[in-house]
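Each chain is listed here by its residues.
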Amino acid sequence: MGKPSRVRVIGPLVPYVAGFRAELERQGYRSNPTCDQLRLLAHLSRWLSSRDLDVGDLTPDRVGEFLVARRDAGYVLWCSEKGVAPLLAHLRRLGVVPVPEVMVPATPVERVLDRYRRYLEEERGLCESTVASNVHVARLFLATRAELPDLGLDALNGNDILAFVLEKCRHRSVGSARYVVTGLRSFLRFCHLAGLTPRPLADSVPGVASWRLANLPRTLDAREVARLLASCDRRSTFGRRDFAVLTLLVRLGLRAGEVASLRLDDIDWRMGELVVSGKGPKRERLPLPRDVGAAIAAWLERGRPRCDAREVFTRVRAPHCGLSSVGISAIVASACKRAGLERVYAHRLRHTAATEMLRAGAGLEEIGQVLRHESLLTTAIYAKVDRIALRALARPWPGADSGASR
């Protein structure tokens, strides 16, 4: 096992060794990873010295040159931008390495998309995944108008919109077509608000023909949920974290992003409540069931690493930062693999939680409050899940008795 104190550094990065080492230890890096990062610093410092460069010369182009030289020298570890990112981040925080300039969008399409993205993030407060999907649809639409002066948005009309929808949705499923028309309506609203189109055109986007609430929400049954939870080894750090995440998803039906954004200050242990940051700027209180609280407490007391992150759920390995929504869904997928179940993601557990509440006797209004639906119509789909209760409402098929006697 290497010792960080034995890594020898010469060159212009010598003054930053102690601070970088302390930063790595603060983020939870252990001896071997810390040694690897310090050896990378030592190599970079030697490379700068051999070219009579100083730390302030570490522009993105220079970093790229160093990584090429590192690979040519036979190194196989820490040879990418990701590998050198912790060191560069530390030096940029100190102000000794220039921060990369923000690239100005070069084409009319990119300039409009950049404005649209900032509108979705700053004014609408949408989550990252929704912003990405809406921008993707806008990019598809603008690609059809890239050759027109100023994209031809000031002359846009309903026929142009209809032609785009027909072309893009012709061979798509109902769900995929809805994705296109919803994103297009959002973009056209922005265009009118931003003065890019002289009149509102969002209502010109045709709807997608389908039966509302036609599909049943797919769920896990009680035995599958038990197998999923039992797959977590609660004697290990990873197991305590994964068990707490799965318990939150199964019992309260939180979205993956809501679990990822849950912070230590959001849990009121005395009142038995937690604050959930939902879609956009919404923050709502939910009761904290005893089993959910016990699972979270076990992770916080005997699993969560000591770190500065305020998120409840963090990486176990360094750097100890909060998990993303993708990380939460990955925990569910990994648990399914361990339990020998079909691979599902976090939203399937949201459906499962709603279904279990319904079977336990909760009304649709109560379920909607827990799931934080804006409309009761969104919750209404779960009314079809309780087939035993629905059987009493079913009427016999006309002529069924006479047909059976023939």
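Reference entry: report on the structure contained in this document.

**Notes on the overall build of the protein**
Per the secondary structure count, the protein includes 18 helices and three strands. Within the protein, buried positions represent 39% of all 406 residues. Put simply, of all contacts in the protein between residues at least 6 apart along the chain, 60% involve residues at least 24 apart. Here the protein has roughly 23,600 Å² of accessible surface; of this, 52% comes from carbon and sulfur atoms.

**Looking at a negative patch on the surface**
On the surface, a cluster of negative charge is made up of Glu121, Glu122, Glu123 and Glu128. In terms of residues, the negative patch owes the most to one element, helix H5 (residues 108-123), which gives three residues. Among the secondary structure elements, Glu128 is positioned in helix H6 (residues 128-143).

**Examining the pairing of strand S2 (residues 273-277)**
The element S2 is largely enclosed, with a buried count of four among its five residues. Direction of pairing for strand S1 (residues 267-268) relative to S2: antiparallel, over a ladder of two bridges. Bridge assignment links Ile267 to a residue of S2, and that residue is Leu274. Taking the residues between adjacent antiparallel strands as the criterion, S1 and S2 are bridged by four residues, where Gly272 takes a positive phi near 70°. In this sheet, strand S3 (residues 283-287) lies alongside S2 in antiparallel orientation, the contact comprising five bridges. Its bridge partner lying in S3, Val275 is registered against Arg285.

**Digging into the sheet that holds S3**
Strand order in the open sheet made by the three strands is S1-S2-S3, with antiparallel pairing throughout. The sheet is open, and its two borders are formed by S1 and S3, each paired with just one other strand.

**Focus on helix H14 (residues 346-359)**
With 14 residues, H14 should cover 20 Å at 1.5 Å per step; its first-to-last C-alpha distance of 20 Å lies within 8% of that length. The buried count for H14 comes to ten of 14 residues, which makes it a mostly enclosed element. Within H14, burial applies to Ala346, Arg348, Leu349, Arg350, Thr352, Ala353, Ala354, Thr355, Met357 and Leu358. Buried residues in H14 make contact with helix H9 (222-230), helix H10 (237-252), helix H11 (256-260), helix H13 (325-339) and helix H15 (364-371). In the stretch just after H14, Gly361 is the one whose phi turns positive, near 105°.

**What about the side chain of Arg70?**
As for its position among the elements, Arg70 is in helix H3 (residues 60-72). One polar contact links the side chain of Arg70 to the main-chain carbonyl oxygen of Leu77, over a distance of 3.2 Å. Setting aside residues no more than four positions away along its own chain, Arg70 makes contact with Leu40, His43, Tyr75, Leu77, Trp78 and Cys79.

**Side note on unusual backbone geometry**
For the peptide bond that leads from Ala318 to Pro319, omega is -5°, which places it in the cis range. Along the polypeptide, Pro319 turns up in the loop between helix H12 (290-302) and H13. Look at Asp52: it is not a glycine, yet its phi comes out positive at around 55°. By secondary structure assignment, the location of Asp52 is in the loop between helix H2 (31-50) and H3. Backbone geometry places Trp78, a non-glycine residue, at a positive phi of 55°. If you trace the backbone, Trp78 turns up in the loop between H3 and helix H4 (81-94). Its relative accessible area of 29% is what places Trp78 among the partly exposed residues.

**Here we look at the side chain of Ser231**
Residue placement: Ser231 occurs in the loop between H9 and H10. Under the relative-accessibility criterion, Ser231 is labelled buried at 16%. Once residues lying within four places of it in the same chain are set aside, the contact partners of Ser231 are Ala335, Arg338 and Ala339.

Parameters and conventions
Residues numbered from 1 in each chain as written. Predicted model: local features only at pLDDT ≥ 70, side-chain atom pairs only at ≥ 80, totals over all residues. Heavy atoms only, no water. Helix = DSSP H or I, 4+ residues; strand = E, 2+ residues; numbered from the N terminus. Buried < 20%, exposed > 50% of the residue type's maximum accessible area, 1.4 Å probe, protein only. Contact = heavy atoms within 4.5 Å. Areas by Shrake-Rupley, 256 points an atom, 1.4 Å probe, with all protein chains shown as cover. Patch = residues over 30% accessible without salt bridge, like charges linked within 9 Å, V, L, I, M, F, W, Y side chains within 5 Å. Salt bridge = Lys/Arg side-chain N within 4 Å of Asp/Glu carboxyl O. Lys, Arg positive; Asp, Glu negative; His and termini not counted. Charge placed at Lys NZ, Arg CZ, Asp CG, Glu CD. Pairing = 2+ DSSP bridges. Expected span 1.5 Å × (residues − 1). Polar contact = N/O pair within 3.5 Å; in protein donor to acceptor, adjacent residues only side chain to side chain.

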